[in-house]
Amino acid sequence: EDGTVFQMVPEARRAWHAGVSYWAGGRDINGRSIGIELVNPGHEFGYRPFPEPQMRALEKLAQEILTRHPIPARRVLGHSDVAPARKIDPGELFDWQRLARAGIGLWPSTTGFRPGKTATTTIEIAGVQSQLAAFGYEIVPTGIIDRATSLALAAFQRHFRPAPVNGQPDGETRQRLSALLAALPSA
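Residues numbered from 1 in each chain as written. Predicted model: local features only at pLDDT ≥ 70, side-chain atom pairs only at ≥ 80, totals over all residues. Heavy atoms only, no water.

A. Summary view of the nonpolar core. Residues Trp-23, Leu-132, Phe-135, Tyr-137 and Phe-156 are the most contacted members of the largest nonpolar core, which totals 19 residues. Within the residue set of this core, elements represented by two or more residues are α4 (122-135), α5 (147-160) and α6 (171-183). With residues up to four places along the chain from it excluded, the contact list for Leu-132 reads Tyr-137, Ile-139, Ala-152, Leu-153, Phe-156 and Leu-177. In terms of nonpolar packing, the next biggest core, distinct from the first, is built from 10 residues, Met-55, Leu-58, Phe-94 and Trp-96 among them. (Core = buried A, V, L, I, M, F, W, Y, C linked by side-chain atoms within 4.5 Å. Buried < 20%, exposed > 50% of the residue type's maximum accessible area, 1.4 Å probe, protein only. Helix = DSSP H or I, 4+ residues; strand = E, 2+ residues; numbered from the N terminus. Contact = heavy atoms within 4.5 Å.)

B. Local environment of α4. Between its first and last C-alpha, α4 extends 20 Å over 14 residues, near the 20 Å set by a 1.5 Å rise per residue. Along α4, the residues that are buried comprise Ile-125, Val-128, Gln-129, Leu-132 and Phe-135. Buried positions in α4, seen along its axis, are confined to an arc of 125 degrees and lie on one side of it. Opposite the packed face of α4, turned more than 90 degrees from it, sit the exposed residues Thr-122 and Ile-123. Considering only its buried residues, α4 is in contact with α5 and α6. (Expected span 1.5 Å × (residues − 1). Arc of directions from axis to C-beta.)

C. How the structure looks around a nonpolar patch on the surface. The grouping of Phe-6, Met-8 and Val-9 at the surface amounts to a nonpolar patch, some 380 Å² of accessible area in total. With respect to the element layout, Met-8 can be found in the segment before α1 (52-68). In this structure Met-8 comes out as exposed when scored by relative accessible area, which is 73%. (Patch = residues over 30% accessible without salt bridge, like charges linked within 9 Å, V, L, I, M, F, W, Y side chains within 5 Å. Areas by Shrake-Rupley, 256 points an atom, 1.4 Å probe, with all protein chains shown as cover. Salt bridge = Lys/Arg side-chain N within 4 Å of Asp/Glu carboxyl O.)

Note that all results are geometric; they support no functional claim without further evidence.
Here it is, written out as structure tokens:
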């Protein structure tokens, strides 16, 4: 938490940091990513905001990694993104927006957002599921809010709309998801 950085595994080596995971069609996240672990007691043991020295060190480390590896912004992810059924970290108190401002990852433009209702029809829910899948989450559009959908929505909310985290396809979550998808390159 004081900003000290330890390298546990060389970047060229495989580590078991993500565990069983999935993103954008790939299952072997451990073999195709660089994991960064942050010290925080977590939700069960006194979860708290990440201290300034830790965030400064993370920004510096991530920027150094990005100079060595061409990692697209949409691939800067948390454990909860790649394993929403098992992980909730780094969580809703992690400052993803700060990282995006520093050129690390994405943050949705919220210009023009309007309050919106929660998706309730089969077509609306299938649309949200299709968008989650297009963004990278492992979701099958079924038109119902099943467990996988609720967990993926909660993971998305923890990352891109940290309050409230309820796993429901509310208007703001849907607008942020649409804004992120619209900002992605079309290739």
